[in-house]
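Listed below are the residues making up each chain.
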Amino acid sequence: MSAHVDTAPRAVTADSPSWWERVNKATLAMFGVTVVLFLAFGLAAPNFLTFDNLSNLATQVAITLMVAVAMTFVITTGQIDLSVGSTLAFVAATTAQLLEAGWDSSVVIVIGLAAGLFWGAVNGWLSAYQKIPPFIVTLAAMSVIRGLAQLSTQGFSVPIDKRLFVARIGEAKFLGFSVLAWIALLTVVIGVVLLARTRFGSYITGIGSQEESVRRAGVNTNRIKMIALMLTGLAAGAAGILTAARLGSGSANSGEGFELTVIAAVVLGGTNLFGGRGTITGTIVGAVITGMIANGLTLLGVSPFLTPIVTGLVLILAIWVNLRGRSLAQLVGHLAGRS
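## So, the confidence of the model for the chain
Item 1. Summary statistics for the chain give a mean pLDDT of 85 and a share of 86% for residues scoring 70 or more.
Item 2. Looking across the chain, the model is least confident in helix α1 (residues 19-22), with a mean pLDDT of 46, and most confident in helix α5 (residues 105-129), with 96.
Item 3. In this model residues 1-21 is a low-confidence stretch, pLDDT under 50, and it forms nine contacts with partners more than four residues away in sequence or in other chains.
Item 4. A low-confidence stretch, residues 326-333 stays under pLDDT 50, and its non-local contacts, those more than four residues away or across chains, total four contacts.

Written out as structure tokens, the structure is:
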């Protein structure tokens, strides 16, 4: 007797969400904003759409995007890291100082990454295992880490010899785009795989939405939360090395306000600021928006002091739309499901 196989199509039930329910509405909305900004700056600034400027835009976005990918994991768990700008400055200054002292570039790169990882581990241990709120821990770390960088450099910028390997990284290009842009692309690929295709990514999302349930399932949630903060430390360390390489110097004043730009990129892209939902694709969109605003306003000759104002207003508008637009999204989803 042959087994009967039911090949009839199944109706969509409450347990199988429609395509509209699976789409991140915030990411979709911000993608539309990106297209509008792209067209607006393209029409207003004739040189905006040139290859040279787009290549420059990719380089400007690269460092923000690298750290924003890691920040996506942190915010998805319901945490936050305010110390990434200070970590960037600390590693940039340390990199320049070690190179000036005659250390080999490969050793300096390893030390810079290890320093970023160390500060991330400190933040993670204090917040995850000592139960100090991440906001407080990283706010304190932001002050301490930058203070150490300023103390070691006495506030002076430390130049890097252009003949050194680290300096050449900042100037190198491949297929018309900087090495920094390619490194950012690699970071994105790794982030997408980790968040969407691994058990670690599932834990990250689960902790942000139902931490107690994940803990009862046998997962060491404290360790996962600590690893997430270690990722932002590592990414900020890499960003510090690349910042020093790009500028040809290391300064304790680098990365002022950088943490706000990174967080804005993550939230603009649709990652839930309170945890439980993260999207690397959205983070790319958010980083491009923040970079495009700065780039486009510069080309238009607008005062650079206006850039953070516009970015802040766009962030507030995005959050307002996300909060107020849920009922509209549900209505559209209902209509889409009926069609």
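## Some remarks on the packing of aromatic side chains
Item 1. By the definition in use, this model includes seven aromatic pairs.
Item 2. Aromatic side chains Phe73 and Phe200 sit 6.1 Å apart centroid to centroid with 25° between the ring planes, which places their arrangement in the stacked category. On the criterion of sequence distance, the pair formed by Phe73 in helix α3 (residues 51-76) and Phe200 in helix α9 (residues 199-216) is long-range, its members being 127 residues apart. The same class applies to Phe73 as to Phe200, namely buried.
Item 3. Consider the rings of Phe90 and Trp119, whose centres lie 5.8 Å apart with planes at 85°: the pair is edge-to-face. A residue pair is termed long-range when its members are at least 10 positions apart, and Phe90 in helix α4 (residues 84-100) and Trp119 in helix α5 qualify at 29 residues. In this pair, the class of Phe90 matches that of Trp119, namely buried.
Item 4. Taken together, Phe38, Phe41 and Phe48 form an aromatic cluster joined through their ring pairs.

## Notes on the side chain of Lys225
Item 1. You can see Lys225 is positioned in helix α10 (residues 221-247).
Item 2. Residue classification places Lys225 among the buried residues on the basis of a relative accessible area of 12%.
Item 3. Not counting the four nearest positions on each side in its chain, Lys225 is found in contact with Gln79, Ala128, Ile207 and Glu211.

Scoring rules and cut-offs
Residues numbered from 1 in each chain as written. Predicted model: local features only at pLDDT ≥ 70, side-chain atom pairs only at ≥ 80, totals over all residues. Heavy atoms only, no water. pLDDT = per-residue confidence, 0-100. Helix = DSSP H or I, 4+ residues; strand = E, 2+ residues; numbered from the N terminus. Contact = heavy atoms within 4.5 Å. Phe/Tyr/Trp six-rings, centres within 6.5 Å; stacked < 30°, edge-to-face > 60°. Buried < 20%, exposed > 50% of the residue type's maximum accessible area, 1.4 Å probe, protein only.

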